[in-house]
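Each chain, written out:
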Amino acid sequence: MGKTIPQPQETFLIGNLKDVDSEHFLESLERLQKLYGEIFRINILGQSIIVVSSQELVNFVCDENKFDKKVSIALQELRALIGDGLFSAHTSEPNWKLAHKILMPAFGPQAIRDMFPAMMDICSQLILRWERFSGEEIDVCDNFTRMALDTITLCSFNYRFNSFYQNKMHHFVDAMVNVLVESGKRSQRLSLQNALMINKARQYKDDISYCHNLCDEIVRERRKNPNDVNDLLNRMINGKDPDTGYQLSDENIRYQMVTFLIAGHETTSGLLSFAFYYILKNPHVLQKAQAEIDQYDEITVDTLNKLKYIDAILKETLRLQATAPAFNLATKEDKITLPGGYEVCKDDFILVLLHQLHRDPKVWDQPNEFIPERMLNGGYENLPPNSWKPFGNGQRGCIGRPFAWQESLLAVALILKHFTIEFVDPSYDLRIKQTLTIKPDGFKIRARPRRSVN
Ligand code: MNH
């Protein structure tokens, strides 16, 4: 018998449902973490979830020989929208391996370099807009959401959302956010409750159809007017598994597209928003970053690799605010004993809570302080393994990381090169809003052109 995993007192039938607030699920887990420590169990609607958050435990569960990604309950619910796309597929599903093989090269170093002009195109639209709005209030998340969304659609499908030319954000965003929020809630309701909420169910279905139709339309258009651009869409349409010759089905291509639209913009726009929050809260960081970018007259794809300090800012931002704040694993064995003697079994979800992992005092000095310098010269690589996991784990880790990184380096570099920036409200303190990802709430800045920059 293993040691008992700490757990809040359960209630008959509903387990620990009362201990978590479904609309603020993560905050609930963070609160429980403070009470119960590096490992605790909660039981939600009959599902046992074990929350781990110390480097020692996370390092143990990141061993892919013993553990694999487990599709969380909320992600399971989200399969209505993104089916067996890469993010929500089980590792055992043939379509995960197939899509992984076909899509990995699409996110390789050369492919990402080739996307630089498209990224520059969209980011320049943001720069132009901020120049025109000189001194006006800028809603930071809104602007980065537009940028990230337009970037992923242009780079992946050669399709323009033109978000910077509209007042309202593209309807896709509303539909998608509705589905994300509603899936989260559905996963914490009983199926009978879900069935009884007829209006919600209808809206949910309509929003899902909207997203699917948008993607199907883009594919139809491409098939009608094929081109030989080596973008993600063509790779999905034409790509074959080199070993078996299998191709992705049209249905699976649609699921991958919605996956990229969601995964490709929520997390990146959150990262950029938090990065600017921390840059403004720490004036010396702003100064150092601006000095770094001022060494270059022009920002090219090769400049980006040299921006070590801005790179460190982004890494440190993801330490304090991992925009995809958790991921789930399960053991491949019937039972396994974790460090400390805790026994977990195959059916348990093991939830890695990044907020606390990234503040584990055994690993991180001054864990609550924003110190980009700690990410220089190898940074987290000099720490015990698996101390920093904002992109998830192993083969099920983020496929879009190089994409997000190039886009984010470029955005920070261009913005700092062109503008002096300040808080609209200097006393603004970070508030966080959560869907599948987290973002700063109500964060606004003003930007003014620094001087004539070429
Ligand atoms: Mn991304 C998986 C974080 C940007 C596409 N991503 C993951 C996971 C994390 C993550 C964490 C693992 C989830 C899990 O284990 O359940 N992703 C991020 C962050 C950023 C990000 C913090 C930006 C910052 N991701 C992107 C971008 C794209 C993308 C940009 C697409 C262009 N991510 C994915 C896909 C997966 C994934 C696809 C699933 C990969 C797989 O399991 O095969």
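By the naming in an unreviewed UniProt entry, the protein is NADPH--hemoprotein reductase, taken from Adineta steineri.

Colleague: I would appreciate a short explanation of the sheet that holds strand β9 (residues 419–423) in the present structure.
Modeller: Remark on secondary structure: sheet strands pair via backbone hydrogen bonds, oriented parallel or antiparallel. One open sheet holds the 3 strands; their spatial order is β4-β12-β9, and the pairing between them is antiparallel. Single-partner strands in this sheet number two, and they are β4 (137–139) and β9. Averaged over all neighbouring strand pairs, the angle between strand axes comes to 40 degrees, with direction disregarded. Sheet topology places β4 next to strand β12 (residues 444–449); 3 bridges connect them, and they run antiparallel. Each residue of the ladder has a partner; that of D139, found in β12, is K444. Where helix α18 (residues 401–418) meets the sheet, its contacts fall on β9 and β12, and the angle it forms with β9 comes to roughly 95 degrees.

Colleague: For this particular structure, what's the right way to read a nonpolar patch on the surface?
Modeller: Residues L45, L190, L192, L196 and M197 make up a contiguous nonpolar surface patch of roughly 480 Å² in combined accessible area. Following the sequence through the fold, L190 ends up in the loop between α8 (171–186) and α9 (191–196). Note on L190: relative accessible area 49%, which makes it partly exposed.

Colleague: Would you mind going over the pairing of strand β5 (residues 326–331) with me for this structure?
Modeller: Looking along a regular strand, one sees the side chains alternate between the two faces of the sheet. Of all 6 residues making up β5, 5 are buried, and the element is well covered by its neighbours. In this sheet, β5 lies alongside strand β3 (residues 67–69) in antiparallel orientation, the contact comprising 3 bridges. Of the residues in β5, the one forming a bridge with D68 is A330. Bridge count between β5 and strand β8 (residues 349–353): 4 bridges; the pairing is antiparallel. From the neighbouring strand, F327 faces β8, where its bridge partner is V352.

Colleague: I would appreciate a short explanation of the sheet that holds strand β1 (residues 39–44) in the present structure.
Modeller: Pairing is mixed in the open sheet, where 5 strands are placed in the order β1-β2-β8-β5-β3. Strand pairing shows two members of the sheet lacking a second neighbour, β1 and β3, which therefore form its edges. Taken over all neighbouring pairs, the strand axes of this sheet differ in orientation by 35 degrees on average, direction set aside. Along the sheet face, helix α1 (residues 25–36) touches β1, β2 (47–52) and β8 and points at about 135 degrees away from the line of β1.

Colleague: I would appreciate a short explanation of the site of the ligand in the present structure.
Modeller: As a matter of local geometry, the ligand sits amid 25 residues, with K69, W96, T267, R396 and C398 nearest to it. Here an oxygen atom of the ligand sits 2.8 Å away from a polar atom, N or O, in the side chain of K69. Within the contact set of the ligand, an oxygen atom lies 3.3 Å away from a backbone nitrogen or oxygen of L86. Secondary-structure elements contributing two or more residues to the shell around the ligand are α12 (250–263), α13 (266–281) and α18. Here the shell around the ligand gets 3 residues from one element, more than from any other, and that element is α13. The residue inventory of the shell around the ligand, partitioned by class, reads 16 nonpolar, 7 polar and 2 charged.

Colleague: Whenever I open this one, the UniProt feature "binding site: heme" (unreviewed entry) in the protein confuses me. Can you help?
Modeller: In this numbering, the UniProt entry assigns the feature "binding site: heme" (unreviewed entry) to C398. By secondary structure assignment, the location of C398 is in the loop between α17 (354–357) and α18. A relative accessible area of 39% places C398 in the partly exposed class.

What counts, and where the lines are drawn
- Residues numbered from 1 in each chain as written.
- Predicted model: local features only at pLDDT ≥ 70, side-chain atom pairs only at ≥ 80, totals over all residues.
- Heavy atoms only, no water.
- Pairing = 2+ DSSP bridges.
- Helix = DSSP H or I, 4+ residues; strand = E, 2+ residues; numbered from the N terminus.
- Axes fitted to C-alpha atoms, helices over the stretch in contact; angles between N-to-C directions.
- Contact = heavy atoms within 4.5 Å.
- Patch = residues over 30% accessible without salt bridge, like charges linked within 9 Å, V, L, I, M, F, W, Y side chains within 5 Å.
- Areas by Shrake-Rupley, 256 points an atom, 1.4 Å probe, with all protein chains shown as cover.
- Salt bridge = Lys/Arg side-chain N within 4 Å of Asp/Glu carboxyl O.
- Buried < 20%, exposed > 50% of the residue type's maximum accessible area, 1.4 Å probe, protein only.
- Near = heavy atom within 4 Å.
- Polar contact = N/O pair within 3.5 Å; in protein donor to acceptor, adjacent residues only side chain to side chain.
- Nonpolar A, V, L, I, M, F, W, Y, C, P; charged D, E, K, R; others polar.
- UniProt positions renumbered as here; feature names shortened; annotations may be inferred.

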